[in-house]
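Below are the chains, spelled out letter by letter.
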Amino acid sequence: MSKTLEKRIFIFVCTVPALILLAIFMIVPTVEVFRMSLYKWGGFSNNKVFVGLDNFKILWGDINFIRSLQNSIVLIVFVTLITMVLAILFATLLTREKMKGNGFFRIIFYIPNILSIVVIAGIFSAVYDPATGLLNNLFALFNLDHLQKMWLGDQKIAIYSIGGALIWQAIGYYMVMYMASIANIPESFYEASALEGAGRIRQFFSITLPLIWNNIRTTLTFFIISTINLSFLLVQAMTGGGPDGATEVFLSYMYKQAYTNSSYGYGMAIGVVIFLFSFALSAIISRITNRDVLEY
Amino acid sequence: MKKKVLLAGMSALLSLSLIACQSNSASNTEDGKDSKKQTLHVAALESAYGKDMWTKVIDAYEEANPNVNVKLTADKNLEEVISPNMKAGNYPDVVLLATGRKLALTETLIKDKALEDITDVFNKNVYGEDVKVKDKLVPGFTDTLATNPYNDGKTYMAPMFYSPTGLFYNAALLKEKGWEVPKTWDEMWALGDKAKAEGISLFTYPTTGYFDAFLYSLLLEAGGSDFYNKAMTYKDGIWESKEATKAFDIVGKLAKYTEPTTVANANDKDYKKNQQLILDNKALFMPNGTWVVGEMKDAPRADGFEWGMTALPAIEDSGDRYAFTFFEQMWIPAQAKNKDAAKDFLTFVYSDKAAAIFAEADAIQPIEGISKNLSGDNQLFYSIYDNGAKAGMGGFAATESVEGVSMADALFRTIDSIVSGDKTVKEWQDAVEKASDKLRAALK
């Protein structure tokens, strides 16, 4: 046996288990989703009817789907923007500034990320409770009664209340990621700029931000994927899409159609749209945020 | 070199063990059973009545019929336990799972025509007794869309535990304040104004899902059973009729009397906070079923609290009052393997022995004479029909699935928006009629 052949066999044998798993649990189901979206099927019987692109045509005119799509986009934009700003801010403060209790804050910010989403749903439905909730009582304490709201009952703000919980749980994770890359920036850059008279804010925008740009780009994709996934879990555990569909996101709508409205094929069509949507969005964002990577 | 071979061998072994896992589980189900005995697979929802009664009934059946080995699956989330197996072709032989559940497994099977016709079961003798099943049942329970979903005179689901629904309230509070339980909606509104002056809201609801029985009763009051059946079978224009408008308007008015925090808690996670409003004397009435007593039994409550239940107020003086009856259904999947054995078991659940076991757990079947032996709160609840209320039964007719259209969403879920003021009653009514139009085309 020649050395190269031996090496090839070895590589092959090593990768086969992973490839089999990938094929069975990722590729086949994905192809299956695309295939099922062309059928009308209740989910149980053998009675599958091929309907071509009918499911997508219905989807186009389905006002409830459009609404859930809007909600998802609102969440993606709202959660990404606020989480990113806060996470970068906290990361800079905790790495660049010498504050008391640095380590303590790192732990505090990271804790929500360890909690399961169902626990977070529990915490936040207690926080948002209209009568006994933390938020409304806090406003009452400071005589800000006009700010008291039915956080999960008012259809105009319910989706932002969900967003609030998502932001709370996401900040720690992204903060740690940004901290890691900020810590990598050589201290000499900051010293040199300080000698030239740059203040902290100038340093942040001219040194920190450009040098962690690549990291921010990567996290943007994470934001999209995790917001889509976690919003489904949180909505499912917290409001069930209510009141009257005000917090329905597209994954929860897909679940509802596939499993409770006996329209499995239609649900899969929604799945296809979500799949393409998140792919396209990630690609677009990755394209427009593309900058030359700064070497240091 | 040796190391590489070892590594390669290990990974090959790992991938093999993966494949081995699969075949193992498949063969497991076959062995270990006596070949002469027939195995009957019963799947039952473990609801508020508990799991014990099922074990007992199955023990009793195995004793009565030694040729059968019963395998029981009882779970609170029965759908999630049995549906993966069903998708793989392993169907239970008998299932107790009602319609109206969130995951709507029963409805899905109805839509797929995947239930076994069990009309003949009712002409059979109860297992071990000399009485036909239909002679034991309270009349009327096998005549509605809840057991004959295709409206063709054939029964696909057997009526099991029933429970009257209505408006629940704190009887002690009303007594203390000297308020009468309203008999008409006009009295209801008057009471609402009186209660408001004392800082108590007239109405709350756990989630909009609880409006099903409420609205069905209201429709029956507004238009009688003929009208009701037309509505349930999606007759054209029925939701824009005078009778339906009356029902919609009552809900619209009721929304104004609803406790303000209700909508914020009207979800599956927080609905108990709304039920708590009744216990805390913050709201007077809520639509609910008899299970609420057990569900809230550990909750703190106002001094002297006492459950009361009433049928819906009548629309006109001396008009009909309705209390909708929910019952859980038991059915045989069309793809079950032991249908005959399943039908035998289905007759057995109506035997005196089984009924006694169920009744012990407060699960009441529609068997003649059974409600006389009840005690406590249950006696009050089940006597609601003796006090002049009529029983409503049956829900919407089965249709093919219509993508993106759900009557439950259009009719019930929208009530959150009516209460919060985001939609008008007119918009709600139009949306229901539109959904009805789409579903009519898909009627079976």
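Residues numbered from 1 in each chain as written. Chains lettered and ligands numbered in written order. Predicted model: local features only at pLDDT ≥ 70, side-chain atom pairs only at ≥ 80, totals over all residues. Heavy atoms only, no water.

Trainee: Which parts of the structure should I look at to understand the layout of surface pockets?
Mentor: Taking a probe equal in size to a water molecule and rolling it over the atoms shows the remaining empty space. For the second largest pocket, the calculated volume is near 730 Å³. Forming the boundary of the second largest pocket are 31 residues, of which Ile 63 and Asn 64 of chain A together with Gly 404, Ala 410 and Ala 431 of chain B lie nearest the centre. Its residues placed into classes, the lining of the second largest pocket shows 10 nonpolar, eight polar and 13 charged. (1 Å grid on protein atoms, 1.4 Å probe; cavity = no way out; pocket = protein on both sides within 12 Å on 5 of 7 lines; lining within 4 Å. Points joined across faces, edges and corners; volume = space filled by probe spheres on them. Nonpolar A, V, L, I, M, F, W, Y, C, P; charged D, E, K, R; others polar.)

Trainee: Help me understand the environment of Lys 71 of chain B in this model?
Mentor: Residues and elements named next belong to chain B. Checked against the element boundaries, Lys 71 lands in strand β2 (residues 68-75). For Lys 71, a relative accessible area of 40% corresponds to the partly exposed category. Taking C-alpha positions, Lys 71 is 53 Å from Ala 195, a pair spaced 124 residues apart along the chain. Not counting chain neighbours up to four residues away, the residues in contact with Lys 71 comprise Thr 39, Leu 40, His 41 and Val 42. (Helix = DSSP H or I, 4+ residues; strand = E, 2+ residues; numbered from the N terminus. Buried < 20%, exposed > 50% of the residue type's maximum accessible area, 1.4 Å probe, protein only. Contact = heavy atoms within 4.5 Å.)

Trainee: Any chance you could explain the packing of aromatic side chains here in plain terms?
Mentor: What describes a pair of aromatic rings is the distance from one ring centre to the other and the angle between the planes of the rings. Counted according to the given criterion, the structure contains 54 aromatic pairs over all chains. Ring centres 5.5 Å apart and planes at 55° place the aromatic pair Phe 124 of chain A and Tyr 128 of chain A in the tilted group. Of the two residues examined, Phe 124 of chain A and Tyr 128 of chain A, each falls in the buried class. With a centroid separation of 6.2 Å and 75° between ring planes, the pair formed by Trp 185 of chain B and Phe 214 of chain B is classed as edge-to-face. With a gap of 29 residues between them, Trp 185 of chain B in helix α7 (residues 185-197) and Phe 214 of chain B in helix α8 (residues 211-232) connect regions that are remote in the sequence. (Phe/Tyr/Trp six-rings, centres within 6.5 Å; stacked < 30°, edge-to-face > 60°.)

Trainee: Any chance you could explain the interface of chain A and chain B here in plain terms?
Mentor: Interface size is commonly expressed as the accessible surface area that is lost when the partners come together. Between chain A and chain B, the contact holds 44 residues from the first and 44 residues from the second. Carbon and sulfur atoms make up 53% of the surface buried where chain A meets chain B, a total of about 3700 Å² over both sides. The largest per-residue losses of area from chain A upon contact with chain B belong to Phe 10, Phe 44 and Asp 244 of chain A, which jointly make up 20% of the total buried on that side. We note a salt bridge from Lys 423 of chain B to Asp 244 of chain A, for which the minimum N-O separation is 3.0 Å. Joining chain A to chain B, the criterion identifies 13 residue pairs in polar contact (both at pLDDT 80 or more). Sorting the residues of the side of chain A that touches chain B by element identifies α1 (3-36), α2 (54-60), α5 (117-127), α10 (213-238), α11 (250-260) and α12 (264-288) of chain A as the ones contributing at least two each. (Buried area = accessible area lost by both parts, 1.4 Å probe. Salt bridge = Lys/Arg side-chain N within 4 Å of Asp/Glu carboxyl O. Polar contact = N/O pair within 3.5 Å; in protein donor to acceptor, adjacent residues only side chain to side chain.)

Trainee: Please clarify how the nonpolar core should be interpreted in this entry.
Mentor: Soluble globular proteins tend to pack their nonpolar side chains together in the buried interior. Residue and element names in this part refer to chain B. In terms of nonpolar packing, the biggest core is built from 84 residues, with Leu 40, Trp 54, Met 160, Trp 307, Met 330, Phe 345 and Phe 358 touching the most fellow members. When residues of this core are assigned to their parent elements, the largest contribution, six residues, is made by helix α2 (residues 52-64). There are two domains that each give this core at least three residues, and those are domain 1 (14-163 + 327-374) and domain 2 (164-325 + 397-440). In this structure, Met 160 is in contact with Trp 54, Leu 96, Phe 327, Glu 328, Met 330, Val 349, Tyr 350, Phe 358, Ile 364, Gln 365 and Pro 366, ignoring residues within four places of it in sequence. Formed by 65 residues, the second largest nonpolar core is a distinct cluster that contains Tyr 216, Ala 244, Ile 250 and Ala 435. (Core = buried A, V, L, I, M, F, W, Y, C linked by side-chain atoms within 4.5 Å. Domains from an automatic or database assignment.)

Trainee: What should I look at first to understand empty space enclosed by the protein in this one?
Mentor: All names here are of chain A. Counted according to the given criterion, the structure contains one cavity of 30 Å³ or more. As for the largest cavity, its lining consists of Val 79, Leu 166, Gln 169, Ala 170, Phe 223, Ser 226, Thr 227 and Leu 230. Where the lining of the largest cavity is concerned, the elements lending two or more residues are α7 (158-184) and α10. At four residues, α10 tops the list of elements feeding residues into the lining of the largest cavity.

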